[in-house]
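Architecture at a glance
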Amino acid sequence: MPYKMRRLALIPILICLLVVSLTSIADWKLAKNKNGITVSLRNKTNSDIKEFQGSIKIKASMDSILAAFLDVESCPKWFHQCTHPALINEIKLKERVLYHISDFPFPATDRYILSKMTLIQNPATKTMRINAIAVPDYCQSNNKASCQKIKTKSLVKIKHSTGYFEFSPLENGFVKVFWQHHTEPEGMLPKWMVNMLLVDIPYYTLDGLRQIVKTDKFKNAKFTYNAQGLVTGFE
């Protein structure tokens, strides 16, 4: 095929990609913009529960923000509705399995979730992304002592949950924290009620993260790096 014809043949493809991209952006509807935090919602295919995304710029180092984010015991102090957190398994910083209970408002039953968190780093841009996905059966086939200690009785298990956090360094000492997630809460909860609560989860979580990084425990945190420029831990 002549070069000119090949270029013409690419035009419909490029148009389709542009339409898909613009449609994806248009799907999101701003639900809250307050105190430097934006929260947007959109419908999710094959689900009655909406997907959310939240964003904030935090005046702190990446070191401090990641230190707070990865500190399991601190979860109830900043992550909205998080109680009884536990580290089930960890492969250095690269991968970990976490457990926590989501404290749902009365009269709803509390939920628990087992999540696999995978850290992806870009040493060139210094951006970090943490992918999160529910692994509901992780402890059923695992005899780890940590699995034996978690509470599951009288709680509803969350089976489907997926999303990610992205941390991007900005100028003047700021870091952009972006969170996108979708969760099926399971059980008999009214879908309209769940969707009403979705704005609170990213809003109060991101605000809580902004506050906790200022505390003495995290404000002076420092990364350690390997020869490839990847973060391996903290000093």
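How each quantity is defined
Residues numbered from 1 in each chain as written. Predicted model: local features only at pLDDT ≥ 70, side-chain atom pairs only at ≥ 80, totals over all residues. Heavy atoms only, no water. Helix = DSSP H or I, 4+ residues; strand = E, 2+ residues; numbered from the N terminus. Buried < 20%, exposed > 50% of the residue type's maximum accessible area, 1.4 Å probe, protein only. Contact = heavy atoms within 4.5 Å. Polar contact = N/O pair within 3.5 Å; in protein donor to acceptor, adjacent residues only side chain to side chain. Phe/Tyr/Trp six-rings, centres within 6.5 Å; stacked < 30°, edge-to-face > 60°. Lys NZ or Arg CZ within 6 Å of the ring centre and 35° of its normal. Pairing = 2+ DSSP bridges. Disulfide = S-S within 2.5 Å. Core = buried A, V, L, I, M, F, W, Y, C linked by side-chain atoms within 4.5 Å.

If you tally the helices and strands in the chain, you get 6 helices and 12 strands. Classification of the 235 residues of the chain by burial places 43% in the buried group. Within the chain, residue pairs in contact and separated by at least 24 positions form 56% of the contacts whose partners lie at least 6 positions apart.

For the rest of this paragraph, the subject is the environment of Ser47. Within the secondary structure layout, Ser47 lies in the loop between strand E2 (37-42) and strand E3 (51-59). Through-space distance from the C-alpha of Ser47 to that of Thr183 is 9.6 Å; in sequence the pair is 136 residues apart. With sequence-adjacent residues up to four places away left out, Ser47 is seen in contact with His182 and Glu184. Among the polar contacts made by the side chain of Ser47, one reaches the main-chain amide nitrogen of Ile49 at a distance of 3.0 Å.

Tallied over the entire structure, the rule returns 13 aromatic pairs. The interplanar angle of 10 degrees and the centroid separation of 6.2 Å between the aromatic rings of Phe165 and Phe167 together place this pair among those described as stacked. Geometrically, the ring pair formed by Phe223 and Tyr225 is edge-to-face, given 6.0 Å between the ring centres and 80 degrees between the ring planes. We classify Tyr225 as partly exposed; its relative accessible area is 47%. Over the aromatic face of Tyr203 sits the side chain of Lys32, whose NZ or CZ is 4.0 Å from the ring centroid. Over the aromatic face of Phe104 sits the side chain of Arg111, whose NZ or CZ is 5.1 Å from the ring centroid.

With 7 bridges joining them, strand E4 (residues 82-91) and strand E5 (residues 95-102) adopt antiparallel strand pairing. Paired with Glu90 across the bridge in E5 is Arg96.

Below, the discussion takes up the environment of His100. Relative to the helices and strands, His100 resides in strand E5. In this structure, the C-alpha to C-alpha distance between His100 and Tyr112, residues 12 residues apart in sequence, is 5.8 Å. Discounting residues that sit within four places of it in the chain, His100 has contacts with Cys82, Thr83, His84, Pro85, Arg111, Tyr112 and Ile113. Engagement of the side chain of His100 in a polar contact is seen with the side chain of Ser102, the distance being 3.5 Å.

This paragraph deals with the state of the cysteines. Under the definition given, this model contains 2 disulfides. Each sulfur in the disulfide pair Cys75 and Cys82 lies 2.0 Å from the other. Looking along the S-S bond of the Cys75-Cys82 disulfide, the torsion reads about 130 degrees, which is the right-handed sense. For Cys75, a relative accessible area of 14% gives the class buried. Sulfur-sulfur distance for the disulfide between Cys139 and Cys147 comes to 2.1 Å. Torsion about the S-S bond of the Cys139 and Cys147 cystine: about -70 degrees, corresponding to left-handed handedness. Relative accessible area serves as the criterion here: at 17%, Cys139 is assigned to the buried category.

Quick look at the pairing of E2 now. The buried count for E2 comes to 5 of 6 residues, which makes it a mostly enclosed element. As judged from the 5 bridges shared by strand E1 (residues 29-34) and E2, these two strands associate in the antiparallel manner. Looking at E2, one finds that Asn33 is bridged to Thr38. Bridge analysis of E2 against E3 gives 6 bridges, and the strand direction is antiparallel. If you follow Ser40 over to E3, its bridge partner there is Gln53.

With 48 residues, the main nonpolar core has Ile65, Phe167, Val177 and Leu209 as its most contacted residues. Here this core gets 7 residues from one element, more than from any other, and that element is helix H2 (residues 62-70). When near neighbours in sequence (up to four residues on either side) are disregarded, Phe167 contacts Met62, Ile65, Leu66, Phe69, Lys126, Thr127, Met128, Ile130, Val175, Lys176 and Val177. By size, the runner-up hydrophobic cluster in this structure holds 11 residues, among which are Val97, Tyr99, Val135 and Cys139.

Here we take up unusual backbone geometry. With a phi close to 55 degrees, Asn35 is a non-glycine residue in the positive phi region. Tracing the backbone shows Asn35 in the loop between E1 and E2. The phi dihedral of Lys126 falls on the positive side, at around 70 degrees, and the residue is not glycine. The topology assignment puts Lys126 in the loop between strand E6 (111-122) and strand E7 (127-134).

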